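Commentary on secondary and tertiary structure
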Amino acid sequence: MKTQQADVIIVGGGIMGSAAAFFLRQRGRSVILLERGLLGQQASGTNFGNVRRRLPELIGEDVEFLPSGHIRVCYGQDRVGMLEEYAIAARAYGLELEMFAGERMRARFPFLGPEVGTASYSPLDGHANPRLAAPAFGRVDFLASATDGRLFSAPAMLVAAGAWADKLCQQFGEPVDLVARGPQMGVTEPVPYGLKTVVGVSSPRDEEILYFRQIPRGNIIFGGGGRGPAYLDLRRAYVMPKNTLNQLRQLQRLAPALANLNVIRVWSGIESYMPDDLPVMGPGARVSGLHYAFGFCGHGFQLGPGVGDVMAELIDTGRTTTPIESFLISRFSKQEAERAKSTQLAQDQLLVKFEE
């Protein structure tokens, strides 16, 4: 059987892989995009839908994108300093955030509950339908499947396989401690459309974290809080009823007017999480031409187009203008070396003590 060839093979047809394929094709590179299921079937199609880049202008499809703005709120005053520091840091990257508090916040966002103390507002953010976005990126290129035994060849490879990426990394001698978890999502019955801003809570307590948005059909989509189990062998993740009940309590706390809505559906997907809560992004440390983009810890959908652009630049030119040193997979080999050194030191100390 003849081997099919391209400039780049991408393993994984989620938002990362599809966006990278899109931008590589814009750069004139040929791409083979490998996905064993449907494009955007796993984490890219089951998430909340936050977007930090204007998708319709980028890919020429609607994907139900709404430039609604996004607010992140905190209860009381404990995390106000953190939100302010983030706003200052984000400004250096061209992201303008506006702080609201007190009467000004109540006038701008009257639906917020009485416990909300401060809001950080990003006016250019929006949301889109996750089930439409990754396939839209992928349609700009082509999808190839290896299940029938066909072979593919390219001088460069991008592993963007989400929660399954660690299995591929291990084959190249770069294992990572990746954990698969299931986000807990739900949607209510439709009510008159009026909440045009995406809302999220910043809190050190997982049970207080909640985010919601309303779509033009009137339904409220919500998520956050604890995560559920995910099983890679079954390709399934499950919603825990206790998590949904907690989300409803937090929804009432955040926006009291939504307290009595009926939930019509809940769902989950399979997301990948890294031990340091940072993604793996950049070239491999052992094999030339190998690249990674996975482990985005629940934030992949909103970052997907930007990550795809950066990875396309890196694969095409060998470098990127965006600093990604903190995300390199080599950081885990360094951590492992430090752990081994610490273990050896502890063993040496025990040996000395025993000999004494």
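Residues numbered from 1 in each chain as written. Predicted model: local features only at pLDDT ≥ 70, side-chain atom pairs only at ≥ 80, totals over all residues. Heavy atoms only, no water.

**Section: the overall build of the protein chain**
- Scanning the protein chain from terminus to terminus reveals 10 helices and 22 strands.
- By the burial criterion, 48% of the 356 residues in the protein chain qualify as buried.
- Long-range pairs, those at least 24 residues apart, make up 73% of the contacts in the protein chain with a sequence separation of at least 6.
- Accessible surface, the protein chain: about 17900 Å² in total, of which carbon and sulfur atoms supply 53%. (Helix = DSSP H or I, 4+ residues; strand = E, 2+ residues; numbered from the N terminus. Buried < 20%, exposed > 50% of the residue type's maximum accessible area, 1.4 Å probe, protein only. Contact = heavy atoms within 4.5 Å. Areas by Shrake-Rupley, 256 points an atom, 1.4 Å probe, with all protein chains shown as cover.)

**Details of the packing of aromatic side chains**
- Going through the model one piece at a time under the given rule, you end up with eight aromatic pairs.
- Site record: aromatic cluster; members linked through ring pairs are Phe-100, Phe-109, Phe-111, Tyr-121 and Phe-212.
- Above the face of the Tyr-121 ring, Arg-108 is positioned so that its terminal group lies 5.1 Å from the ring centre.
- Lying across the ring of Tyr-75, Arg-253 places its NZ or CZ 3.8 Å from the centre. (Phe/Tyr/Trp six-rings, centres within 6.5 Å; stacked < 30°, edge-to-face > 60°. Lys NZ or Arg CZ within 6 Å of the ring centre and 35° of its normal.)

**Describing helix α4 (residues 80-91)**
- With 12 residues, α4 extends 17 Å between its outermost C-alpha atoms, agreeing within 8% with the 16 Å of an ideal straight helix rising 1.5 Å per residue.
- Inspection of α4 places Val-80, Leu-83, Ala-87 and Ala-90 among the buried residues, and these make up the whole buried set. Looking straight down α4, one finds that the buried residues subtend no more than 95° of arc, so they occupy a single side. Projecting away from the buried face of α4 at angles above 90 degrees are the exposed residues Glu-85 and Ile-88.
- Of the surrounding elements, those touching the buried residues of α4 are β5 (70-75), β6 (98-101) and β7 (116-122). (Expected span 1.5 Å × (residues − 1). Arc of directions from axis to C-beta.)

**Side note on the pattern of salt bridges**
- The tally for this structure, following the rule as stated, stands at nine salt bridges.
- A salt bridge links Arg-91 to Glu-96, with the shortest nitrogen-to-oxygen separation between them at 3.5 Å.
- The salt bridge partner of Glu-208 is Arg-205, with a shortest N-O separation of 3.6 Å.
- Judged by relative accessible area, which is 45%, Arg-205 ranks as partly exposed.
- One salt-bridge network, held together by shared partners, links Glu-115, Arg-205, Glu-207, Glu-208 and Arg-253. (Salt bridge = Lys/Arg side-chain N within 4 Å of Asp/Glu carboxyl O.)

**Things to note about the sheet that holds strand β20 (residues 271-273)**
- Taken in spatial order, the four strands of this open sheet run β18-β17-β12-β20, and their pairing is antiparallel. The open sheet has two edge strands, β18 (236-237) and β20, and neither has a second partner.
- With two bridges connecting them, strand β17 (residues 228-231) and β18 associate as antiparallel partners. When the bridges of β18 are listed, Ala-230 appears paired with Ala-237. (Pairing = 2+ DSSP bridges.)

**What to know about the environment of Gly-298**
- Of note, Gly-298 is situated in the loop between β22 (290-294) and α9 (300-317).
- The spatial distance from the C-alpha of Gly-298 to the C-alpha of Ser-272 is 7.3 Å, given a sequence separation of 26 residues.

**Here's the deal with the environment of Val-8**
- Position of Val-8 relative to the elements: it lies in strand β2 (residues 8-11).
- Judged by its relative accessible area of 0%, Val-8 is buried.
- Taking C-alpha positions, Val-8 is 9.9 Å from Ala-312, a pair spaced 304 residues apart along the chain.
- With near-sequence residues (within four places) excluded, Val-8 lies in contact with Leu-24, Ser-30, Val-31, Ile-32, Ala-154, Ala-156 and Ile-315.

**Points about the pairing of β2**
- Relative to strand β3 (residues 31-34), β2 runs parallel, the two sharing four bridges. Residue Ile-9 lies in a different strand from β3, and its bridge partner there is Ile-32.
- The β-α-β motif built from β2, the intervening helix α1 (residues 15-26) and the parallel element β3 has right-handed crossover chirality.
- Relative to strand β11 (residues 156-159), β2 runs parallel, the two being bridged by four bridges. (Right-handed = clockwise from strand over helix to strand, strands pointing away.)

**Some points on a nonpolar patch on the surface**
- There is a patch of nonpolar side chains on the surface, built from Leu-245, Leu-248, Val-263 and Val-266 and spanning about 280 Å² of accessible area.
- Of all the elements in the fold, those that place two or more residues in the nonpolar patch are α8 (241-254) and β19 (263-267). (Patch = residues over 30% accessible without salt bridge, like charges linked within 9 Å, V, L, I, M, F, W, Y side chains within 5 Å.)

**Regarding the sheet that holds β5**
- If you walk across this open sheet you meet the eight strands as β6-β7-β5-β14-β15-β16-β13-β19, and the pairing is mixed. Looking at which strands have only one partner, the edges of the open sheet turn out to be β6 and β19. Neighbour-to-neighbour, the strand axes of this sheet turn through a mean angle of 20°, independent of strand direction.
- Both strand β15 (residues 211-214) and strand β16 (residues 220-223) contribute to a ladder of four bridges, which runs antiparallel. Across the sheet, the residue bridging to Gln-214 is Ile-220, located in β16.
- Lying on the sheet, α8 is in contact with β5, β7, β14 (198-201), β15, β16 and β19; it crosses β5 at an angle near 95°. (Axes fitted to C-alpha atoms, helices over the stretch in contact; angles between N-to-C directions.)

**Some thoughts on the nonpolar core**
- Counting residues in hydrophobic clusters, the biggest one holds 25 residues, and the most contacted among them are Ile-10, Leu-24, Leu-158, Met-281, Val-307 and Met-311.
- When contributions to this core are tallied by element, the ones reaching two or more residues are β2, α1, β3, β11 and α9.
- Counting residues in each nonpolar core, the second largest holds 23 residues, with Val-73, Ala-119, Leu-195 and Leu-258 among its members. (Core = buried A, V, L, I, M, F, W, Y, C linked by side-chain atoms within 4.5 Å.)

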